[in-house]
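Structural overview
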Amino acid sequence: MKKIKNIILISLIFFLGLSSFSLAYDSSSSYMWSVDTDTMPVSTTNSVQVNSSAEENNSLNLESGSAILIEQSTGQILYSHNIHEQLRPASVTKVMSILLIMEQIDKGYLSYSDTVSCSETARSMGGSQIWLDPRETLTVDEMLKAICVVSANDCVVAMAEHIAGSEEAFVQMMNDKATELGMKDTCFKNCHGIDEDGHVTSAYDIALMSRELLKNHPDIVKYTTIWMDSLRDGKSQLVNTNKLIKTYKGITGLKTGSTSLALYNLSASATRDDLSLIAVIIKAPSTKVRFAEAQKLLDYGFNKFTFRSFGNKNDVIQSVTVNKGVIKSIDAILEDTSGTLIEKGKESQISQSIELSNVIQAPIKKGDVIR
């Protein structure tokens with residue numbers, strides 16, 4: 001089979017290590033490897049792209065109204081079925097709410113130990129809840145646990161009000177983030193997913209926000225993989241609404257949702273042998289079908305594809321001589337993780353080589369790029 005060469009530029013950071021002249025430098029190099037057309041390097045864009053081997057004819061005979069399978073690192077679509085149809089997401093809406101909460105935490109605006117109060121609005125939400133009392137407070141950690149494990153509507157509204165001042169303002173943040181991520185099929189009307197006219201999204205868009213959450217805020221997996229836990233000193237028992245947490249190897253989350261109008265929805269994520277997949281099911285006719293078809297999609301991906309890593313962030317690539325510098329040499333390390341998705345059976349068609357100058361000229365400072 002004909003091989004096609006792909007070249008991607010990988011930014012490198014030069015560092016001196018522990019010395020009295022400890023300085024940091026940025027540079028650039030390129031990885032070059034022979035690659036089949038059915039592979040793609042890690043993507044840092046928000047959009048997801050169709051793999052040339054992707055199934056688009058519902059060959060798995062899914063009963064659900066819409067479905068998609070993507071690879072998390074590259075963003076490639078591996079299976080698609082009515083992926084842009086606008087449908088009711090139900091509590092899968094909370095993926096976006098959780099994403100905004102995690103952004104606030106990772107930016108330092110919010111701490112897991114911060115206490116959050118409950119308004120009358122949050123208390124009166126109904127649906128899935130832990131029956132918050134306006135007289136009590138819970139920590140952000142406890143709120144996240146309730147949202148991720150039992151899909152607590154009262155808790156997600158309390159968090160929305162805590163972050164943005166009102167649910168309405170938080171919903172605007174959700175829609176702004178959706179626009180930023182390229183979620184063109186989405187319009188959020190609330191932060192919890194209770195049915196409301198015009199509150200819609202698509203399997204494609206759910207995959208986008210699920211990928212953003214898992215890639216950029218991996219700590220969320222500490223919550224989304226909890227099977228059973230408790231709050232209020234053991235008085236409130238929590239059991240995960242995502243039954244795959246207990247049964248599927250490598251499962252990492254993510255979020256269920258169901259209403260009488262939306263039917264049964266799920267964003268399911270799993271990782272095996274460095275391959276991370278996200279399967280989205282919308283409008284399944286039953287909860288049994290929802291979990292079975294998500295598992296079918298994940299199995300399809302793990303059986304057909306593998307992920308080849310070319311290097312992890314901060315891996316040392318080689319030592320580089322500095323001409324006329326205050327030190328003689330520095331190490332070059334990878335700034336970001338690099339890898340590619342490969343169809344199983346085609347691993348031998350991938351080769352890797354590194355092209356990097358053995359000598360760089362001083363002066364060089366942090367941020368400089370060398371090609």
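Computed from a predicted model, the values in this text were never measured in an experiment. (Residues numbered from 1 in each chain as written. Predicted model: local features only at pLDDT ≥ 70, side-chain atom pairs only at ≥ 80, totals over all residues. Heavy atoms only, no water.)

Some details on the overall build of the protein chain
- A tally of regular secondary structure across the protein chain gives 9 helices and 19 strands.
- In the protein chain, buried positions account for 53% of the 371 residues.
- Long-range contacts, defined as pairs at least 24 residues apart, comprise 67% of the intrachain contacts of the protein chain with a sequence gap of at least 6. (Helix = DSSP H or I, 4+ residues; strand = E, 2+ residues; numbered from the N terminus. Buried < 20%, exposed > 50% of the residue type's maximum accessible area, 1.4 Å probe, protein only. Contact = heavy atoms within 4.5 Å.)

Examining the nonpolar core
- Judged by nonpolar contacts, the single largest core of 63 residues is most densely connected at Ile-68, Met-96, Ile-130, Leu-144, Met-159 and Ile-220.
- Secondary structure elements with two or more residues in this core: strand E5 (66-71), helix H1 (94-106), helix H3 (140-150), helix H4 (153-164), helix H5 (167-180), helix H6 (203-216) and strand E13 (275-284).
- Each residue touching Met-159, except ones within four places of it in the same chain, is listed here: Ile-101, Leu-110, Val-116, Val-140, Met-143 and Ile-147. (Core = buried A, V, L, I, M, F, W, Y, C linked by side-chain atoms within 4.5 Å.)

Describing the packing of aromatic side chains
- Under the criterion given, the structure shown has 2 aromatic pairs.
- Between Tyr-79 and Tyr-300 the ring centres are 5.7 Å apart and the planes differ by 75°, which places this aromatic pair in the edge-to-face class. Highlighted residues: Tyr-79 in strand E6 (residues 76-81) and Tyr-300 in helix H9 (residues 287-304), separated in sequence by 221 residues.
- Ring geometry for Tyr-112 and Tyr-223: centres 6.2 Å apart, planes at 25°, overall stacked. (Phe/Tyr/Trp six-rings, centres within 6.5 Å; stacked < 30°, edge-to-face > 60°.)

A few points about the pairing of strand E16 (residues 329-334)
- In the sheet, strand E15 (residues 316-323) pairs with E16 via 5 bridges, with the strands oriented antiparallel. When the sheet's bridge partners are listed, Val-320 is paired in E16 with Ile-330.
- Remark: 5 residues form the turn of the hairpin made by E15 and E16, two consecutive strands paired antiparallel; Lys-324 in that turn has positive phi of roughly 65°. (Pairing = 2+ DSSP bridges.)

A few points about the confidence of the model for the protein chain
- Per-residue confidence for the protein chain gives a mean pLDDT of 85; residues scoring 70 or more make up 83%.
- Note that pLDDT drops below 50 for residues 1-41; the model gives that stretch 152 contacts with residues more than four away or on any other chain. (pLDDT = per-residue confidence, 0-100.)

Brief notes about the packing of H4 against H5
- Packing of H4 against H5 brings their axes to within 8 Å, and their N-to-C directions diverge by 85°. Our classification of the angle between H4 and H5 gives roughly perpendicular. The residues of H5 that touch H4, namely those facing Val-157, Ala-160, Glu-161, Ile-163 and Ala-164, are Glu-167, Ala-169, Phe-170 and Met-173.
- For the contact of H4 with H5, a count of residues per class yields 7 nonpolar, no polar and 2 charged. (Axes fitted to C-alpha atoms, helices over the stretch in contact; angles between N-to-C directions. Parallel < 35°, antiparallel > 145°, perpendicular 65-115°, else oblique. Nonpolar A, V, L, I, M, F, W, Y, C, P; charged D, E, K, R; others polar.)

Here we look at the pattern of salt bridges
- Going through the model one piece at a time under the given rule, you end up with 10 salt bridges.
- Notably, a salt bridge pairs Lys-177 with Glu-103, separated by 2.5 Å at the nearest N-O pair. In this pair, Lys-177 is assigned in helix H5 and Glu-103 in helix H1, connecting sequence segments 74 residues apart.
- Residue class for Glu-103 comes out buried when judged on its relative accessible area of 12%. (Salt bridge = Lys/Arg side-chain N within 4 Å of Asp/Glu carboxyl O.)

Some details on the pairing of strand E17 (residues 338-343)
- Of all 6 residues in E17, 6 are buried, a share of seventy percent or more.
- Side chains Ser-338, Thr-340 and Ile-342 of E17 all project onto a buried face; the interleaved residues Gly-339, Leu-341 and Glu-343 project onto the opposite face, where all are buried too.
- Inspection of the sheet shows strand E14 (residues 305-311) paired to E17 by 6 bridges, in the antiparallel sense. Within the sheet, the bridge partner assigned to Phe-305 lies in E17 and is Glu-343.

Some details on the packing of H3 against H4
- Running from amino to carboxyl end, H3 crosses H4 at an angle of 135°, the nearest separation of the two axes being 8 Å. Taken together, the axis directions place H3 and H4 in an arrangement best described as oblique. The hand of the H3/H4 crossing is left-handed. Side by side, H3 and H4 meet where Val-140, Met-143, Ala-146 and Ile-147 of the first sit next to Cys-155, Val-156, Ala-158 and Met-159 of the second.
- Of the residues in the contact of H3 with H4, the class split is 8 nonpolar, no polar and no charged. (Left-handed = near helix turned anticlockwise from the far one by under 90°.)

Notes on H3
- H3 sits mainly inside the fold: 9 of its 11 residues count as buried.
- Just downstream of H3, Ser-151 is the residue with a positive phi angle, here 60°.

Points about unusual backbone geometry
- Here Gly-253 and Leu-254 are connected by a cis peptide whose omega angle stands at 25°.
- Examined against the element boundaries, Leu-254 turns out to sit in strand E11 (residues 251-259).
- A cis geometry characterises the amide bond from Ala-362 onward to Pro-363, with omega recorded as 0°.
- For Pro-363, the location among the structural elements is in the segment after strand E19 (359-361).
- A positive phi angle, close to 55°, is found at Trp-131, a residue other than glycine.

What to know about the side chain of His-217
- The topology assignment puts His-217 in the loop between H6 and helix H7 (221-224).
- In this structure His-217 comes out as buried when scored by relative accessible area, which is 7%.
- A polar contact of 2.5 Å, which involves the side chain of His-217, links it to the side chain of Asp-106. (Polar contact = N/O pair within 3.5 Å; in protein donor to acceptor, adjacent residues only side chain to side chain.)

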